[in-house]
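# Notes for the structure review
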Amino acid sequence: MKKQIILALSLALLSQTPAFAKGKRREISGKTVVGSLLSLIVWPGIGQAMNDQKGDKVLTHAVAGLLPPFRFWSAYDALYDRDGGYWEGKI
């Protein structure tokens with residue numbers, strides 16, 4: 001039951017994220033889905049590394065991943081292989 005609640009909340013948060021996103025979104029592919037899941041479950045920044053983003057962006061996502069809510073944003077960012085964004089394109 002606890003896992004189902006967490007999953008439902010995760011999906012709800014991810015569905016709200018695009019309204020606040022800044023930067024160029026690309027198409028979703030199998031690679032971006034896997035990267036997104038890894039950023040959400042394992043550690044933020046993995047998905048950005050898989051999507052060949054700049055090292056600064058990967059490092060920023062990995063460090064900001066210490067804050068649990070940032071995992072959702074990082075997963076969204078990896079899912080759409082987003083270029084640019086806030087904080088000089090690092091988030």
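Quick caveat, the model's predicted, so the values are computed rather than measured.

One way to put it is that helix 4 (residues 55-64) packs onto helix 5 (residues 70-79) with a least axis distance of 9 Å and a crossing angle of 150°. By the angle between their axes, helix 4 is roughly antiparallel relative to helix 5. For the pair helix 4 and helix 5, the contacting residues are K57, H61 and A64 in the first and F70, S74 and D77 in the second. Tallied by class, residues from the contact of helix 4 with helix 5 come to 2 nonpolar, 2 polar and 2 charged.

Position of T32 relative to the elements: it lies in helix 2 (residues 30-41). What makes T32 buried here is its relative accessible area of 4%. A distance of 3.0 Å separates a polar side-chain atom of T32 from the backbone oxygen of L79. Ignoring anything within four residues of it in the chain, the contact list for T32 reads E27, N51, A78, L79 and D81.

A contiguous nonpolar surface patch, about 850 Å² in accessible area, is contributed by I28, V33, L37, I41, V42, W43, L59, V63 and L66. Elements with a contribution of two residues or more to the nonpolar patch: helix 2 and helix 4. No other element matches helix 2, which puts 3 residues into the nonpolar patch. Position of I41 relative to the elements: it lies in helix 2.

A word on the packing of aromatic side chains. Throughout the structure, instances matching the rule amount to 2 aromatic pairs. Seen in terms of ring centroids, Y76 and Y80 are 5.0 Å apart; in terms of plane orientation they differ by 55°. Their pairing is tilted. Residue class for Y76 comes out buried when judged on its relative accessible area of 2%. A residue is classified by how much of its surface remains accessible, and Y80, at 18% relative accessible area, is buried. Every member of this aromatic cluster is reached through a ring pair, and the members are W73, Y76 and Y80.

Reading guide: rules and limits
Residues numbered from 1 in each chain as written. Predicted model: local features only at pLDDT ≥ 70, side-chain atom pairs only at ≥ 80, totals over all residues. Heavy atoms only, no water. Axes fitted to C-alpha atoms, helices over the stretch in contact; angles between N-to-C directions. Helix = DSSP H or I, 4+ residues; strand = E, 2+ residues; numbered from the N terminus. Parallel < 35°, antiparallel > 145°, perpendicular 65-115°, else oblique. Contact = heavy atoms within 4.5 Å. Nonpolar A, V, L, I, M, F, W, Y, C, P; charged D, E, K, R; others polar. Buried < 20%, exposed > 50% of the residue type's maximum accessible area, 1.4 Å probe, protein only. Polar contact = N/O pair within 3.5 Å; in protein donor to acceptor, adjacent residues only side chain to side chain. Patch = residues over 30% accessible without salt bridge, like charges linked within 9 Å, V, L, I, M, F, W, Y side chains within 5 Å. Areas by Shrake-Rupley, 256 points an atom, 1.4 Å probe, with all protein chains shown as cover. Salt bridge = Lys/Arg side-chain N within 4 Å of Asp/Glu carboxyl O. Phe/Tyr/Trp six-rings, centres within 6.5 Å; stacked < 30°, edge-to-face > 60°.

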